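Each chain is listed here by its residues.
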Amino acid sequence: MTTDAKTGPLLDWLLRQYPDTPKSRAKQWVLAGRVRVNGAVMRKPHQVMEDPGDALELGDRHATTLDCGSGWRIHPRVSLLYLDPSLAVVNKGPGLIAVPAPNCDLSALSILADFLEGKLRAQDRGIAGKTLPPAYRRLEPLPVHRLDQYTSGVFCMATNPAARHHLIEQLQARTMKREYVAFVEGRCLVPKGTWRQWLQLSRDELRQQVLSEAQAKAAGPEAREAVTHYEVIAEYPLVDGKSFVTKLRLRLESGRKHQIRVQAAHAGLPLIGDRTYNPGYRGHEAAGTSIDFPRQALHAEVLELEHPGHADKRMKWTAELPKDLRQLESALCASRL
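Residues numbered from 1 in each chain as written. Predicted model: local features only at pLDDT ≥ 70, side-chain atom pairs only at ≥ 80, totals over all residues. Heavy atoms only, no water.

## Here's the deal with the overall build of the chain
For step 1, the next point in the chain: Of regular secondary structure, the chain possesses 7 helices and 17 strands.
For step 2, the next point in the chain: Looking at the chain as a whole, 48% of its 337 residues are labelled buried.
For step 3, the next point in the chain: Carbon and sulfur atoms form 48% of the exposed surface of the chain, whose accessible area is close to 17,200 Å².
For step 4, the next point in the chain: Of the charged side chains in the chain, 47 are positive and 38 negative; the average position of the first set lies 3 Å away from that of the second. (Helix = DSSP H or I, 4+ residues; strand = E, 2+ residues; numbered from the N terminus. Buried < 20%, exposed > 50% of the residue type's maximum accessible area, 1.4 Å probe, protein only. Areas by Shrake-Rupley, 256 points an atom, 1.4 Å probe, with all protein chains shown as cover. Lys, Arg positive; Asp, Glu negative; His and termini not counted. Charge placed at Lys NZ, Arg CZ, Asp CG, Glu CD.)

Structure below.
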């Protein structure tokens, strides 16, 4: 490649920045995921591109992928499951918002940002006090999707703008797999099926409403289709001998706010503990509810996606049920409710 060429292979641009480096070593850097352009990991040494200039960066060799094992607890309500220059995956506890919101700065995203900046340390025995290698401190967590404040479980954040764009495209194409576990009141007439409705978010964005086809047509773009696939995992009879709780596995196809909660309630299967969509927890009816539980019994169990820096490489993470849902299930199994 001549010095005045405007386009050329990534490897040539890398060697121009590091002229004393053997070509074979530079190629290894690319294949190992250490080379980024505009924040995106590049893994094809011969990919032709325009001169990236200062946008071409060589990362620290220890900053490709952080081995978090079963998870690093970086906050009482946040465990880090995976981290690399494109992607972060966390397990969020109930009661914490996922991303910053007006009048509420503390979130899973802000906690991860503090950890990346070195303000927080891992809390688990054996790794207590661990901080990140310096190369990771340049990463900035960016929102991709979110979980409700009182929903627990696994969700992802991007760590550069190009990766965020790629992950949001997966959400829009419905190729990101998200599976939840829920405990609902009642019994399913069909053990496996799909809920497909039109939803409209209220003006204050605090509640969804299920619309008929006619209402959806009249609402125009404010009506959004919601599709959830469900499967019965278990049924638990309650001590009154008449009522049941059902454990469901649910897979989101779309990803609307409160989607599972409002669709389950519409199907006659409101979530245990849901103060918004379960009428048994509202007003004068609350005293008659059969199960006392402080939040909606909903947990994001599985996340599977295509890594934004590795074409055609799918990755999967699982978050086990948190303590409160394990205790709820134990009580249901023992017929104590």
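The discussion continues.
## Side note on empty space enclosed by the protein
For step 1, the next point in the chain: In total, this model carries 2 cavities of 30 Å³ or more according to the counting rule given.
For step 2, the next point in the chain: Mapped onto the lining of the second largest cavity, the elements with two or more residues apiece are strand E11 (177-185) and strand E16 (298-306).
For step 3, the next point in the chain: Tallying contributions element by element places E16 first for the lining of the second largest cavity, with 3 residues.
For step 4, the next point in the chain: For the lining of the second largest cavity, the per-class residue count stands at 6 nonpolar, 1 polar and 1 charged. (1 Å grid on protein atoms, 1.4 Å probe; cavity = no way out; pocket = protein on both sides within 12 Å on 5 of 7 lines; lining within 4 Å. Points joined across faces, edges and corners; volume = space filled by probe spheres on them. Nonpolar A, V, L, I, M, F, W, Y, C, P; charged D, E, K, R; others polar.)

## Considerations on the environment of Leu337
For step 1, the next point in the chain: You can see Leu337 is positioned in the segment after helix H7 (323-333).
For step 2, the next point in the chain: Given a relative accessible area of 25%, Leu337 falls into the partly exposed group.
For step 3, the next point in the chain: Along the chain, Leu337 and Asp292 lie 45 residues apart, while their C-alpha atoms are 9.1 Å from each other.
For step 4, the next point in the chain: Setting aside anything within four residues of it in sequence, one finds Leu337 in contact with Leu238, Val239, Ile291, Leu328, Ala331 and Leu332. (Contact = heavy atoms within 4.5 Å.)

## Concerning the layout of surface pockets
For step 1, the next point in the chain: Its boundaries defined by the atoms lining it, the largest pocket holds a volume of some 1,400 Å³.
For step 2, the next point in the chain: The wall of the largest pocket is formed by 43 residues, among which Arg146, Asp148, Arg256, Lys257 and His258 lie closest to the centre.
For step 3, the next point in the chain: Listed by contribution, the elements that provide at least two residues to the lining of the largest pocket are helix H4 (161-173), E11, strand E12 (192-201) and helix H6 (259-266).
For step 4, the next point in the chain: For the lining of the largest pocket, the per-class residue count stands at 19 nonpolar, 12 polar and 12 charged.
For step 5, the next point in the chain: For the second largest pocket, the calculated volume is near 420 Å³.
For step 6, the next point in the chain: In terms of lining, the second largest pocket is formed by 22 residues, of which the most central are Arg73, Ser79, Asn91, Glu320 and Pro322.
For step 7, the next point in the chain: Elements that contribute at least two residues to the lining of the second largest pocket include exactly strand E7 (78-83), strand E8 (87-92) and H7.
For step 8, the next point in the chain: When residues in the lining of the second largest pocket are grouped by element, the largest group, 3 residues, is from E7.
For step 9, the next point in the chain: Looking at side-chain class alone, the lining of the second largest pocket contains 7 nonpolar, 8 polar and 7 charged residues.

## Here's the deal with unusual backbone geometry
For step 1, the next point in the chain: Backbone geometry at Asn103 places phi at a positive 65 degrees, although glycine is not the residue there.
For step 2, the next point in the chain: Tracing the sequence through the fold places Asn103 in the loop between E8 and helix H3 (108-116).
For step 3, the next point in the chain: Phi at Arg174 takes a positive value of approximately 60 degrees, unusual for a residue other than glycine.
For step 4, the next point in the chain: Inspection of the secondary structure assignment puts Arg174 in the loop between H4 and E11.

## A look at the pairing of E12
For step 1, the next point in the chain: With 9 bridges joining them, E12 and strand E14 (residues 223-237) adopt antiparallel strand pairing. The partner of Arg196 across the bridge, within E14, is Val227.
For step 2, the next point in the chain: In this sheet, strand E13 (residues 208-211) lies alongside E12 in antiparallel orientation, the contact comprising 4 bridges. Across the sheet, the residue bridging to Leu201 is Gln208, located in E13.
For step 3, the next point in the chain: Two successive antiparallel strands, E12 and E13, enclose a turn made up of 6 residues, where Glu205 displays a positive phi of approximately 60 degrees. (Pairing = 2+ DSSP bridges.)

## Describing the packing of helix H1 (residues 10-17) against helix H2 (residues 23-31)
For step 1, the next point in the chain: Following both chains from N to C, one finds H1 and H2 inclined at 115 degrees, their axes separated by 10 Å at the closest point. Crossing geometry of H1 relative to H2 is assigned as right-handed. Facing H1, whose interface residues are Leu10, Leu11, Leu14 and Leu15, H2 presents Lys23, Ala26, Lys27, Trp29 and Val30.
For step 2, the next point in the chain: By residue class, the composition of the contact of H1 with H2 is 7 nonpolar, no polar and 2 charged. (Axes fitted to C-alpha atoms, helices over the stretch in contact; angles between N-to-C directions. Left-handed = near helix turned anticlockwise from the far one by under 90°.)

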